[in-house]
Amino acid sequence: MHAPQTWHHGLVADWWALFNHDAPEVEMYRPYLRSPLLDAGCGAGRLLVPLLAAGYDVDGCDASPDMIDRCRERAPGAHLWVSRLHELEPPRRYASIVVSGVFGLGSTREQDEQAVRRLHDALEPGGTLVMDNEEIPFRATVRGWNEPMRRRTADGVEFASSARVLAVDGDDHSVEIELRIETSDGRREQHLLTMRTWYRDEVVPLLERSGFHDVEVQPGIDENTLVYVASRHGDLQPLPRRD
């Protein structure tokens, strides 16, 4: 497998910005959310935009500069910056942090563990982390291109997206996937994504080792997703700086 990477760039960022606006998680997570709030892994603003519309004071960060650019177009007043989760150094602490659909993407297992510690440090005492995670039984195998998924923009440009599995690491529960996007106006890009599956019996101890308390596990938006709700306790210390 190649070094960990994500495919959320260029035409993939356009796909997310154009076609992925549904955000049922906002209502589901609302009981746990308070301002100030961080959408960690905000992408093109799928959750951040409706959270702003609902009146929350929301910041956002994402590993992809292209996704941040698309998010800034939709939320020009928001404070947004580029950061991977394991390198998170926020400008302030938050009463709530949402991590949706990004844990285990484009990272090593050690970086995922570091990310959880950084998320803990970014919360105010008494603050709440809400992190969802898809937990499909790991049965990945190398396979060829799937049938393209097609979407059309308002001005008639068709996007076709297809993927194939290039490599599998069964011990690490990780997979490397190549995505190809083509458009009817002649553009074409291919990007790689590494993705790791974390399971409940791994995530709960990881949260607790990282300093979280009162960890709850709840059903998510579908049968394959779990939501972890965890709190930070303790005295407030200065935000750590990493050079």
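The residue numbering used here restarts from 1 in each chain and proceeds along that chain's sequence as written. Only residues with pLDDT of 70 or above have their local features reported here, since the model is predicted, and side-chain atom pairs are shown and tallied only from 80 upward, although totals for entire chains, interfaces and linings are computed over all residues. Hydrogens and water are ignored here; the side-chain numbers use all heavy atoms of the structure.

### Considerations on the nonpolar core
Reasoning step 1: Among the nonpolar cores identified, the biggest contains 25 residues, and Leu 38, Ala 40, Ile 97, Val 99 and Leu 129 are the most heavily contacted of them.
Reasoning step 2: Excluding anything up to four places from it in sequence, Ala 40 contacts Cys 61, Leu 85, Ile 97, Val 98, Val 99, Ser 100, Val 102 and Leu 119.
Reasoning step 3: Among the nonpolar cores identified, the runner-up in size contains 20 residues, and Ala 23, Val 26, Leu 33 and Val 130 belong to it. The criterion is simple. A nonpolar core is a set of buried Ala, Val, Leu, Ile, Met, Phe, Trp, Tyr and Cys residues joined through side-chain atoms within 4.5 Å. When a residue's accessible area, from a 1.4 Å probe over protein chains only, is under 20% of the maximum for its type it is buried; when over 50% it is exposed; and in between it is partly exposed. Note on contacts: a residue pair is in contact if any heavy atoms of the two residues lie within 4.5 Å.

### Some details on the sheet that holds strand β2 (residues 58-62)
Hydrogen bonding along the main chain pairs the strands of a sheet, whether they run parallel or antiparallel.
Reasoning step 1: The seven strands are arranged β3-β2-β1-β4-β5-β11-β10 in an open sheet whose pairing can be described as mixed. Each edge of the sheet is formed by a strand with only one pairing partner; in this case those strands are β3 (79-82) and β10 (212-219). In this sheet, adjacent strand axes meet at a mean angle of 15 degrees when their direction is disregarded.
Reasoning step 2: Strands are labelled as partners when DSSP assigns at least two bridges between them. In this description a helix means any DSSP run of H or I spanning at least four residues, a strand means any run of E spanning at least two, and both kinds are numbered starting from the N terminus. Where β10 meets strand β11 (residues 225-232), six bridges bridge the pair, whose relative direction is antiparallel. Paired with Phe 212 across the bridge in β11 is Arg 232.
Reasoning step 3: The angle between two axes is taken between their N-to-C directions and runs from 0 to 180 degrees, where each axis is a line fitted to C-alpha atoms and a helix contributes only its stretch in contact. Along the sheet, helix α5 (residues 109-121) makes contact with β1 (37-40), β4 (94-99), β5 (123-134), β10 and β11, crossing β5 at roughly 145 degrees.

### Re the packing of aromatic side chains
Reasoning step 1: Stacked, tilted and edge-to-face are the three classes applied to pairs of Phe, Tyr and Trp rings, where Trp contributes its six-membered ring and a pair requires centres within 6.5 Å; stacked means planes under 30 degrees apart, edge-to-face means over 60, and tilted covers the rest. Tallied over the entire structure, the rule returns four aromatic pairs.
Reasoning step 2: Note on Trp 15 and Phe 19: the rings are 5.2 Å apart at their centroids and 75 degrees apart in plane angle, and the pair reads as edge-to-face. Taken together, the residues Trp 15 and Phe 19, both in helix α1 (residues 10-19) and four residues apart, mark about one turn of the helix.
Reasoning step 3: Among the residues examined, Phe 19 registers a relative accessible area of 21% and is labelled partly exposed.
Reasoning step 4: Ring centres of Trp 15 and Phe 159 lie 6.5 Å apart, and the angle between their planes is 65 degrees; on these two criteria the pair is classed as edge-to-face. Pair noted here: Trp 15 is in helix α1 and Phe 159 is in strand β7 (residues 158-169), with a separation of 144 residues, a long-range link.
Reasoning step 5: Residue classification places Phe 159 among the buried positions, given a relative accessible area of 2%.

### Digging into unusual backbone geometry
Reasoning step 1: The omega torsion across Ser 35 and Pro 36 is -5 degrees, close enough to zero to call that bond cis.
Reasoning step 2: Structurally, Pro 36 is set in the loop between α2 (25-29) and β1.
Reasoning step 3: Backbone geometry places His 173, a non-glycine residue, at a positive phi of 55 degrees.
Reasoning step 4: At Asp 214, a position not held by glycine, the phi torsion is positive, near 50 degrees.
Reasoning step 5: Inspection of the secondary structure assignment puts Asp 214 in strand β10.

### Considering the confidence of the model for the protein
Reasoning step 1: On average, residues of the protein score 94 in pLDDT, and 95% of them are at 70 or above.
Reasoning step 2: Note on residues 238-243: pLDDT is under 50 here. Beyond four places in sequence and across chains, it has 15 contacts. Known as pLDDT, the predictor's per-residue confidence is scaled from 0 to 100.

### Details of the state of the cysteines
Reasoning step 1: Here, a disulfide means two cysteine sulfur atoms that sit within 2.5 Å of each other. Applying the stated criterion to the full structure yields zero disulfides.
Reasoning step 2: For Cys 42, which is in no disulfide, the shortest distance to another cysteine sulfur is to Cys 71 and amounts to 4.2 Å.
Reasoning step 3: Cys 61 takes part in no disulfide bond, and the closest cysteine sulfur to it belongs to Cys 42, at a distance of 6.4 Å.
Reasoning step 4: Look at Cys 61 and you get buried, because its relative accessible area is 0%.

### Some remarks on α5
Note: α-helices contain 3.6 residues per turn, so residues at a spacing of three or four share the same orientation.
Reasoning step 1: Multiply 1.5 Å by the residue count of a helix minus one, and that product is the helix's expected span. Given a rise of 1.5 Å per residue, 13 residues ought to cover 18 Å, and the 19 Å separating the end C-alpha atoms of α5 matches this to within 8%.
Reasoning step 2: All of the buried residues along α5 are Arg 109, Asp 112, Ala 115, Val 116, Arg 118, Leu 119 and His 120.

### A short note on the environment of Ser 184
Reasoning step 1: Its place among the elements puts Ser 184 in the loop between β8 (174-183) and β9 (188-196).
Reasoning step 2: Overall, the relative accessible area of 52% leaves Ser 184 in the exposed class.
Reasoning step 3: Along the sequence, Ser 184 and Val 168 sit 16 residues apart, while their C-alpha atoms lie 32 Å from each other.
Reasoning step 4: The residues contacting Ser 184, other than those within four sequence positions of it, are Gly 156, Val 157 and Glu 158.

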